[in-house]
Amino acid sequence: MSNKDIEYTTVIGVEGPLMIVDGIKDVAYNEVVKIRLADGEERTGQVLEAFEHKAIIQVFEGTRGLDTKLTSARFIGETMKLGVSKDMVGRIFDGTGNPLDDAPPIIPEERRDINGEPINPCAREYPREFIQTGISTIDGLNTLVRGQKLPIFSGAGLPHNELAAQIARQAKVLGKQEAFAVVFCAMGITNEEANLFIKDFENTGALERTVMFLNLADDPTIERIILPRMALTCAEYLAFDLNMQVLVILTDMTNYAEALREIAAAREEVPGRRGYPGYMYTDLASLYERAGRIKDKKGSITQIPMLTMPDDDITHPIPDLTGYITEGQIVLERGLNKKNIYPPIAVLPCLSRLMDRGIGEGRTRGDHAGVSNQLYAAYAEGNDLRDLVAIVGEDALSERDRKFLEFADAFEQRFVTQDNHEDRSIIQTLTIAWELLSILPPAELKKIDENYIRMYHPKLNSET
Amino acid sequence: MPKIKGKIVRISGPVIEADNMHGSKMYDVVRVGTENLIGEIIRLNKDVATIQVYEDTNGLKPGEPVLSTQEPLSVELGPGLIANIYDGIQRPLPTIRKETGDFIARGVESDALDRKKKWHFKPIAKKGATVIGGDILGEVQETSHIIHRIMVPPQHQGTIESIVKEGDYTIDTEIVVLNHNDKTHALTMIQRWPVRKPRPVKNKNDPSQPLITGQRVVDTFFPVAKGGTAAIPGGFGTGKTVMLHQLAKWSDAQIVIYVGCGERGNEMTDVLQEFPKLEDPATGEPLINRTVLIANTSNMPVAARDASVYTGITIAEYYRDMGYDVALMADSTSRWAEAMREISGRLEEMPGEEGYPAYLASRLAEFYERAGRVNTIGSQKREGSVSVMGAVSPPGGDFSEPVAQNTLRIVKVFWALDADLADRRHFPSINWLKSYSLYLSEVSKWWGDTIGKDWLKLRNNAMALLQKESELQEIVKLVGPDALPARERALLESAKMIRENYLQQSAFHEIDTYCPEKKQYEMLRLMLKFSQLIEDAVSKQVHIDDLIIMKTYEGLARMGKVPNEDYPKHFKQLEHDLEKEIQALIKERVK
């Protein structure tokens, strides 16, 4: 008799999200377990630690109602797999991969291990195709490219969901019409937040090309561990088998990390920083690194993970470890939000590591790199002067410094600020940038090549 | 040797336990399970061996076999290493891709070095000669500029009974037969060496030559010596990786080993795609022709991260033994430390600080100690060096954490990356007030002799200027710059000139990315001259605002971007114009 048919009733312990089964044999590490409760309800689990005759199992739907007498466990002989198919596009799934909408289950074309396999670094194609999001602070200063993983670091109560929806709505590669899909993975967000996305996708017709994986705030926590893996397995299938351009939105990674900590604590592991497990970096990397492009394949996976920084602290382990893996970050700031600036993107701590290769002549425009550096430097200087003004007053400033101060204000008002539905082209973004830079004396524009100053500076340009 | 075959009794992530392993040695390599995954023994308790597995353990079952190879983890050394890219346990990634596709499957076996390729071998040693470990038997032209010296492995010696004629051979062809105490031993072009054991040297010398990196802030202010060690700690986004890439690209080492340890896949791709296109400034050859890459990205199995660092340094030592200057970059040593922590946690060892194992400090020290300028083994006198530069990724950018602190206790150069500087796009974001180099006095003789006698004086003057600036900035924060006396304002402007146009250097500008040492010297000299001249001018009542709008001011600011071929002429003209322009301003004032 194979293990698949045996119902073990030898549960010897239940602890937090974990269940311990004894008297078993031939159980594989990470194997999926079907658990039947006394009342017939079925739950799913996964082997976390395998011994010769014992296994420690994490139960995805929670351990409430489990007992050591009547609960039984069946080991299905394989690791967690997701059936993938092109029909998944336009559908909604729950944390165990079952459809949540009223339509019938999909007929999988293939079943894939949700843990995936690492992309061979030799097989990767370096991402360099500019994605226009229509948001000036991103396109102009922290350019997103296809195959990049660019997270949004936010705080509780900031409009990161609106921003993510706007990116999903507006993102496009210029001059190309290609099969495009959004994979939306919600971990522990509220019903209301999920609805915002669903409605937005509905209104713009994007729902038809979206795959949703939902685990809402009131759904079992432990499912959050497998949810992004399913979403990414689906994304990999769409991108690398069906040649689609896939945008993956993962929200909220903070809830994911909390779930990870919960399991680590239940297993009495030696904790790393702030109680999070020491392997959290590796674990997060196993998700984020699934973004990318592959040589000779048309499709791509671009990831936008979102996380709320506990207490707006960017050094907290969740944003910190994320930042070490992802290719940059977009940081939202409460101060800007209070000033009624949308999107409240704090430009200075933002970064896009793949920007340099994605911009310039033939991609965006030749002056892009210089303009971006100049905006950064000038805004940083203007921002510093604000502190000085607070102490000595504006009158104590030199003429030059006053210009920088003026620039910093105008930058926030005209460059950063834009409407939730305003879709600026990269040329519009650069035009605004030049208007702002013309506030400063031309001699201060040291980061821009002289040729471009002559070509694009609105004042010098009009003189000639 | 009797076979050691046990079976798995426990699996917990990358760590497994197997019983019936009596006779195994610590750090022996084992093959795990039916898929033949590669692992290494890291603890022995009676007949139970604890094993870290270098591959994903998903689906592994207790009861599956474990077979010991009874050999420690070793690398293959021989022609064909250069321009290759390996994973942490020296499996060639291009070959793996050919065999298993775009994603890395498990249980792949592949020779590190191509057995089929023929290399042109030129014998040097003669029949009948007595040789010892390290002696050169012959040469192979490995890439256009690298001659691969085929050496007697350190553990061998004897009289050459036979040696093949010049010709094309595969690396596993027997090329030499040694006779030692009437026992013969055949040698091929391959050596094997256990990664955790340093390769022997005759003796270590003190570093005295700078490793020129073409990065102004490094070469001028915080130089590293050939055979030296340096650490680059910095939070995320401060530019560690770009900095290491710059060092890998432009360092004047003959061989570069780049270890991507637990970092991003795209970064390795970047190196793979860029290096064949970039030219080595010393030879004009593509950079890839002097580079060996080790890639164990963050999503690849964690145990192999530990191995990747050792694999890298062993290959570095091998080329050092041929007499080359080798530079090794490890990005990032924190990920390696985290791998140690993860494995240690699975072993339920008593944790030290922040959950890191208590042996963290000694492991780091052992690793960095493998750097150095040495006289190699062998009967001829030969000198080689391994310089090691390691990135450190401290959580939250806080340097007080264990990995950064333990590293700083060992290394001689500290390039402190600063998030504040990075935020304002001051790159490389090396903080000039916090960083230090203990090689300064060693290398200043070289600079003085080769580039300019007053090099050290210029460097120290510039440093003093920057130091003074930071003190003045404190006052400026309180009263504003206008309240300062003219002389202090001139000093601020001079420091700003150095900060913005000397310390800052664009890695992405085709000229600025690499600054030859003579040009660095000339730039610094001119900037300090500017400093002197404006100080003099303000003392003659010239207003500082008039000085910073000078035409030559802009010329000075753009010196880094002047093409490396015609800078001498250009700088001369600039110096002349500068003097004239300031003279004119003073004259006007006197009127």
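Please refer to the structure higher up on the page.
Residues numbered from 1 in each chain as written. Chains lettered and ligands numbered in written order. Predicted model: local features only at pLDDT ≥ 70, side-chain atom pairs only at ≥ 80, totals over all residues. Heavy atoms only, no water.

The next subject is the overall build of chain A. Scanning chain A for helices and strands turns up 14 helices and 20 strands. Taken over C-alpha atoms, the radius of gyration comes to 25 Å for chain A, in line with the 23 Å a tight globule of 464 residues would show. Its C-alpha atoms give chain A principal-axis dimensions of about 90 × 50 × 40 Å. Counting all 464 residues of chain A, 61% fall into the buried class. When contacts within chain A are restricted to residue pairs at least 6 apart in sequence, those whose partners lie at least 24 apart make up 72%. Accessible surface for chain A amounts to roughly 17000 Å². Of this, 48% is attributable to carbon and sulfur atoms. Taking the average place of the 51 positive charges on the side chains of chain A and the average place of its 72 negative ones, the gap between the two points comes to 4 Å. (Helix = DSSP H or I, 4+ residues; strand = E, 2+ residues; numbered from the N terminus. Rg over C-alpha atoms; globule rule 2.2 N^0.38 Å. Buried < 20%, exposed > 50% of the residue type's maximum accessible area, 1.4 Å probe, protein only. Contact = heavy atoms within 4.5 Å. Areas by Shrake-Rupley, 256 points an atom, 1.4 Å probe, with all protein chains shown as cover. Lys, Arg positive; Asp, Glu negative; His and termini not counted. Charge placed at Lys NZ, Arg CZ, Asp CG, Glu CD.)

Once that is clear, we can look at the packing of helix α10 (residues 368–392) of chain A against helix α11 (residues 399–416) of chain A. Residue and element names in this part refer to chain A. It is at 8 Å that the axes of α10 and α11 come closest, and there the two elements cross at 110 degrees. When the interaxial angle is binned, α10 and α11 end up roughly perpendicular. As α10 packs across α11, the resulting crossing turns out to be left-handed. Residues Leu-375, Ala-378, Tyr-379, Glu-381, Gly-382, Asn-383, Leu-385, Arg-386 and Val-389 of α10 form the contact with α11, whose participating residues are Arg-400, Asp-401, Phe-404, Leu-405, Phe-407, Ala-408, Asp-409, Phe-411, Glu-412 and Phe-415. Class assignment of the residues belonging to the contact of α10 with α11 gives a composition of 11 nonpolar, 2 polar and 6 charged. (Axes fitted to C-alpha atoms, helices over the stretch in contact; angles between N-to-C directions. Parallel < 35°, antiparallel > 145°, perpendicular 65-115°, else oblique. Left-handed = near helix turned anticlockwise from the far one by under 90°. Nonpolar A, V, L, I, M, F, W, Y, C, P; charged D, E, K, R; others polar.)

Now for the layout of surface pockets. In this structure, the second largest pocket encloses a volume near 1200 Å³. Considering the residues around the second largest pocket, the lining is formed by 46 residues, among which A:Asn30, A:Asn115, A:Ser286, B:Asp56 and B:Asn58 are closest to the centre. Going through the elements one at a time, β4 (42–51), α4 (223–241), α5 (253–266) and α6 (280–288) of chain A together with α6 (333–346) of chain B are the ones with two or more residues in the lining of the second largest pocket. Looking at side-chain class alone, the lining of the second largest pocket contains 19 nonpolar, 12 polar and 15 charged residues. (1 Å grid on protein atoms, 1.4 Å probe; cavity = no way out; pocket = protein on both sides within 12 Å on 5 of 7 lines; lining within 4 Å. Points joined across faces, edges and corners; volume = space filled by probe spheres on them.)

A few words now on the packing of aromatic side chains. Scanning the entire structure with this criterion turns up 27 aromatic pairs over all chains. Ring plane angle 45 degrees and centroid distance 6.3 Å describe the contact between B:Phe221 and B:Phe222, whose orientation is recorded as tilted. When its relative accessible area of 2% is taken as the criterion, B:Phe222 is described as buried. In textbook terms, an aromatic cluster arises when at least three aromatic residues are bridged by ring pairs, as seen for A:Tyr379, A:Phe407, A:Phe411 and A:Phe415. A cation over an aromatic ring shows up here: B:Arg335 above the ring of A:Tyr281, its NZ or CZ 3.7 Å from the ring centre. (Phe/Tyr/Trp six-rings, centres within 6.5 Å; stacked < 30°, edge-to-face > 60°. Lys NZ or Arg CZ within 6 Å of the ring centre and 35° of its normal.)

Time to look at the sheet that holds strand β12 (residues 147–151) of chain B. Residue and element names in this part refer to chain B. The 4 strands are arranged β12-β11-β9-β14 in an open sheet whose pairing can be described as antiparallel. Lying at the two open borders of the sheet, with one neighbouring strand each, are β12 and β14 (167–170). Between one strand axis and the next, the sheet turns through 40 degrees on average, direction left out of account. Pairing analysis gives 4 bridges linking strand β9 (residues 118–123) to β14, with the strands arranged antiparallel. In the sheet register, Phe-121 faces β14, and the bridge partner there is Gly-167. (Pairing = 2+ DSSP bridges.)

The next point concerns helix α10 (residues 440–450) of chain B. Residues and elements named next belong to chain B. Considered for burial, the residues of α10 that qualify are Leu-440, Val-443, Ser-444, Trp-447 and Gly-448. Here the buried residues of α10 occupy an arc of 150 degrees about the axis, which is enough to place them on one side. Turned more than 90 degrees away from the buried face of α10 sit Lys-445 and Asp-449, all of them exposed. Tucked into the core, α10 has its buried residues touching α2 (216–221), β26 (436–437), α11 (455–479) and α13 (517–539). (Arc of directions from axis to C-beta.)

Turning next to a nonpolar patch on the surface. A grouping of A:Ile391, B:Ile475, B:Leu478 and B:Val479 is seen on the molecular surface, where their side chains present a nonpolar patch of about 360 Å² in accessible area. What makes B:Val479 partly exposed here is its relative accessible area of 37%. (Patch = residues over 30% accessible without salt bridge, like charges linked within 9 Å, V, L, I, M, F, W, Y side chains within 5 Å. Salt bridge = Lys/Arg side-chain N within 4 Å of Asp/Glu carboxyl O.)

A:Phe213 and A:Phe411 are the most contacted members of the largest nonpolar core, which has 137 residues in total. Per-element tally for this core: the top contributor is α4(A), with 12 residues. With 95 residues, the next largest nonpolar core counts B:Leu440, B:Met497, B:Tyr514 and B:Cys515 among its residues. (Core = buried A, V, L, I, M, F, W, Y, C linked by side-chain atoms within 4.5 Å.)

In this section: the packing of helix α2 (residues 160–170) of chain A against helix α3 (residues 191–203) of chain A. All names here are of chain A. Put simply, α2 and α3 touch, their axes get as near as 10 Å, and they point 25 degrees apart. Between α2 and α3, the angle falls in the class roughly parallel. Every pair of crossing elements has a handedness; the one defined by α2 and α3 is right-handed. Contacts between α2 and α3 pair Asn-161, Glu-162, Ala-164, Ala-165, Ala-168 and Arg-169 from the former with Glu-193, Leu-196, Phe-197, Asp-200 and Phe-201 from the latter.

As used here, a disulfide is simply a covalent bond connecting the sulfur atoms of two cysteines. This structure, assessed with the given rule, holds 0 disulfides over all chains. No disulfide involves B:Cys261; its sulfur sits 17 Å from that of A:Cys122, the nearest cysteine. Here B:Cys261 falls in the buried class, since its relative accessible area comes to 1%. (Disulfide = S-S within 2.5 Å.)

Turning next to α4(A). All names here are of chain A. Relative to the 27 Å expected for 19 residues at 1.5 Å per residue, α4 spans 26 Å between its end C-alpha atoms, a close match to the ideal helical length. Within α4, 18 of the 19 residues are buried, which leaves it mostly tucked inside the rest of the structure. Following α4 by one or two positions, Asn-243 has its phi on the positive side, about 60 degrees. (Expected span 1.5 Å × (residues − 1).)

Residue and element names in this part refer to chain A. Here Ser-136 is to be found in helix α1 (residues 136–141). Taking the relative accessible area as the measure of exposure, Ser-136 reaches 0% and is therefore buried. Separated by 206 residues in sequence, Ser-136 and Tyr-342 place their C-alpha atoms 11 Å apart. Contacts of Ser-136, omitting those with residues within four sequence positions, involve Leu-141, Phe-415, Gln-418, Arg-424 and Thr-429. Side chain to side chain, Ser-136 and Arg-424 meet in a polar contact 2.6 Å long. (Polar contact = N/O pair within 3.5 Å; in protein donor to acceptor, adjacent residues only side chain to side chain.)

Turning next to empty space enclosed by the protein. Scanning all chains against the criterion turns up 2 cavities of 30 Å³ or more. Residue lining of the largest cavity: 17 residues in total, with A:Arg273, A:Leu321, B:Glu338, B:Arg341 and B:Pro395 positioned closest to the centre. Secondary-structure elements contributing two or more residues to the lining of the largest cavity are α6 and α7 (317–325) of chain A together with α6 of chain B. With 4 residues, α7(A) is the largest single contributor of residues to the lining of the largest cavity. Looking at side-chain class alone, the lining of the largest cavity contains 9 nonpolar, 3 polar and 5 charged residues. Empty space within the second largest cavity amounts to approximately 40 Å³. Taken together, A:Thr133, A:Ile138, A:Leu144, A:Leu150, A:Ile152, A:Ile167, A:Ile304 and A:Ile330 make up the full set of residues lining the second largest cavity.

The interface of chain A with chain B comprises 84 residues on the first partner and 76 residues on the second. At the boundary of chain A with chain B, total buried surface from both sides reaches about 6600 Å², with 51% on carbon and sulfur atoms. On the chain A side of the interface with chain B, the three residues burying the most area are A:Tyr29, A:Tyr324 and A:Lys446, jointly 12% of the side's total. Joining chain A to chain B, the criterion identifies 8 salt bridges. A salt bridge links B:Arg10 to A:Glu49; its shortest N-O distance comes to 2.5 Å. At the junction of chain A and chain B, the tally comes to 31 residue pairs in polar contact (both at pLDDT 80 or more). Those elements that provide at least two residues to the side of chain A that touches chain B are β4, β10 (124–125), α4, α6, α7, α9 (355–358), α10 and α11 of chain A. Sort the elements by how many residues they give to the side of chain A that touches chain B and α10(A) lands first, with 8 residues. Class assignment for the residues of the side of chain A that touches chain B results in 41 nonpolar, 16 polar and 27 charged. (Buried area = accessible area lost by both parts, 1.4 Å probe.)

Right, let's talk about unusual backbone geometry for a bit. In this structure, A:Pro343 follows A:Tyr342 across a cis peptide bond, with omega equal to -10 degrees. Tracing the backbone shows A:Pro343 in the loop between α8 (334–338) and β20 (351–352). With omega at 5 degrees, the peptide bond leading from B:Asp331 into B:Ser332 counts as cis. Looking at where B:Ser332 falls in the secondary structure, it is placed in the loop between β22 (325–331) and α6. The phi torsion at A:Asp312 lies on the positive side, around 55 degrees, for a residue other than glycine. Among the structural elements, A:Asp312 can be located in the loop between β18 (300–308) and α7.

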